[in-house]
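Descriptive analysis of the structure
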Amino acid sequence: MTNPSFHIGSVPIENRIVLAPMAGITNKAFLSIAKQFGAGLVVSEMISDKGIEFRNEKTLSMLDFEGVPHPLSIQIFGGDAKTLVEAAQFVEANTVADIIDINMGCPVPKVTKNEAGSRLLLDPDKVYNVVSQVAHAITIPLTVKIRLGWDEEHLYYVENAKAIEAGGASAVAMHTRTKAQAYTGHAKDRWEALRELKEAVHIPVIGNGDIKTPEDAKEMLDATGIDAVMIGRAALGNPWMLTRTAHYLETGELLPEPPVEEKIATAKAHLQNLVDLKGDFLAPKEFRQHAPHYLRGAPGAARIKKAVNEAETQEEILAIFDQYLLQLQTHVSAI
Ligand SMILES: Cc1cc2nc3c(=O)[nH]c(=O)nc-3n(C[C@H](O)[C@H](O)[C@H](O)COP(=O)(O)O)c2cc1C
């Protein structure tokens, strides 16, 4: 790496683009693609500290990121400092993670009822306690991902970020919505809170929420002075969003969207990664959530999305893609 954009602890990050953690999506198959498409840092889907404690087979398989280019971060979640410490130590000792992230933003009741995810945002003292115990139990950097707060009456993001810094974490990422909002409303209306956070702490601040275009990323960075942007949904089936944003930030030039042929080639590579990771029984089913994103805007997409949805094997999906590409080339009007 020639000229890192910023550091998280001792880990240099090549550019200001971070791929957001997304459950069921940011596994090894997609992290490899996101790195290949230029994300400076990628974050795994959230992984349960209890699952690690009980050596749950499925949980342990989620920790496999062997072969993904560095740097990468593994996100854990839990509501109890002791289990989080043990989980973080396990991750450091048994995985290729360069950074560990704690989830303090998840709004799902199954998570918050166990005092985990966004529930922690209600108590900056507990945030400090959890972060300081975990940070001191590992040697790699720790980061934390938060939201603005639990609801409009409990917006403790400045207190929480200060607690996170004081506890020894090396960066904080914030999604500018409350837990009560879940994914409603407009995160962009609250980007200003990121500036407040940047002024309140000295560790790097990563901003997240509703970055849909490379221009949005620049707008967030310019308006707030933060260190990096974290992109989630806009990268689904669209890793070019990462490349295009990195390029736009560096040069001011907006690269065109890729042609359908390139989108399908990448979709095939994603499917192959999923098959390598999960086998040919599960991978085609998991791929059903990705295909519509890769095909967004493609001519005749509805029919091919339906066909992929009904396919049971990798071979069938590849045949559907190939037939579609052939039809595109020969301009068959039946598309
Ligand atoms: C399907 C999905 C799964 C998510 N899973 C996680 C997760 O495991 N951990 C986490 O911290 N945030 C998770 N998030 C939240 C995202 O990281 C991000 O904060 C949110 O999508 C807003 O950013 P965006 O507008 O760029 O998508 C998830 C979001 C989505 C859409």
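Description of the structure in this document. (Residues numbered from 1 in each chain as written. Predicted model: local features only at pLDDT ≥ 70, side-chain atom pairs only at ≥ 80, totals over all residues. Heavy atoms only, no water.)

1. Observations regarding the pattern of salt bridges
A complete count under the given rule lists 17 salt bridges for this structure. In this structure, Arg233 and Asp210 form a salt bridge, with 3.1 Å as the shortest nitrogen-oxygen distance. Of the two residues, Arg233 sits in the loop between β11 (228-231) and α10 (240-251) while Asp210 sits in the loop between β10 (205-208) and α9 (214-224), which places them 23 residues apart along the sequence. A residue is classified by how much of its surface remains accessible, and Arg233, at 43% relative accessible area, is partly exposed. One salt bridge in this structure joins Glu310 and Lys306, with 3.4 Å as the shortest N-O distance. (Salt bridge = Lys/Arg side-chain N within 4 Å of Asp/Glu carboxyl O. Helix = DSSP H or I, 4+ residues; strand = E, 2+ residues; numbered from the N terminus. Buried < 20%, exposed > 50% of the residue type's maximum accessible area, 1.4 Å probe, protein only.)

2. Overview of unusual backbone geometry
Pro71 follows His70 through a cis peptide bond whose omega is -5°. As for its position among the elements, Pro71 is in the loop between α3 (57-61) and β6 (72-77). The phi torsion at Asp210 lies on the positive side, around 65°, for a residue other than glycine. Among the residues examined, Asp210 registers a relative accessible area of 13% and is labelled buried.

3. Comments concerning the site of the ligand
Close contacts around the ligand come from 17 residues, with Pro21, Ala23, Gln75, Asn208 and Asp210 the closest. With respect to the ligand, the backbone of Ala23 contributes an N or O atom lying 2.7 Å from a nitrogen atom. Contacts to the ligand include Tyr183, whose side-chain N or O atom sits 3.4 Å from a nitrogen atom. When the free accessible area of the ligand is taken as 600 Å², the share hidden by the protein chains comes to 87%. In terms of residue class, the shell around the ligand is made up of eight nonpolar, six polar and three charged. (Near = heavy atom within 4 Å. Polar contact = N/O pair within 3.5 Å; in protein donor to acceptor, adjacent residues only side chain to side chain. Areas by Shrake-Rupley, 256 points an atom, 1.4 Å probe, with all protein chains shown as cover. Nonpolar A, V, L, I, M, F, W, Y, C, P; charged D, E, K, R; others polar.)

4. Topic: the pairing of β10
Working note: regular strand, side chains alternate between the two faces of the sheet. Judged by which residues are buried, β10 turns out to be covered on both faces: Val205 and Gly207 on one side and Ile206 and Asn208 on the other are all buried. Alignment of strand β9 (residues 171-178) against β10, held across four bridges, turns out to be parallel. The residue of β10 that forms the bridge with Ala173 is Ile206. Bridge count for β10 against β11 is three bridges, and the pairing is parallel. Counted as the bridge partner of Gly207 is Val229 from β11. (Pairing = 2+ DSSP bridges.)

5. Regarding α9
Since the α-helix advances by 3.6 residues per turn, residues separated by three or four positions end up pointing in the same direction. The complete set of buried residues in α9 reads Pro214, Asp216, Ala217, Met220, Leu221 and Thr224. For α9, the angular spread of buried residues about the axis comes to 165°, placing them on one side. Buried positions along α9 lie against α8 (192-200), β10, β11 and α10. In the stretch just after α9, Gly225 is the one whose phi turns positive, near 75°. (Arc of directions from axis to C-beta. Contact = heavy atoms within 4.5 Å.)

6. Some points on the pairing of β6
The buried count for β6 comes to six of six residues, which makes it a mostly enclosed element. Burial along β6 is two-sided: Leu72, Ile74 and Ile76 and Ser73, Gln75 and Phe77, pointing in opposite directions, are all buried. For strand β4 (residues 41-43) and β6, the ladder comprises two bridges, and the chain directions are parallel. Residue Val43 lies in a different strand from β6, and its bridge partner there is Ser73. One ladder, built from two bridges, connects strand β5 (residues 47-48) with β6; its direction is parallel. Within the sheet, the bridge partner assigned to Ile47 lies in β6 and is Ile76. When β6 meets strand β7 (residues 99-104), the two strands line up parallel, connected through four bridges. Within the sheet, the bridge partner assigned to Ser73 lies in β7 and is Ile99. This β-α-β element, β6 to helix α4 (residues 81-94) to β7, shows right-handed connectivity. (Right-handed = clockwise from strand over helix to strand, strands pointing away.)

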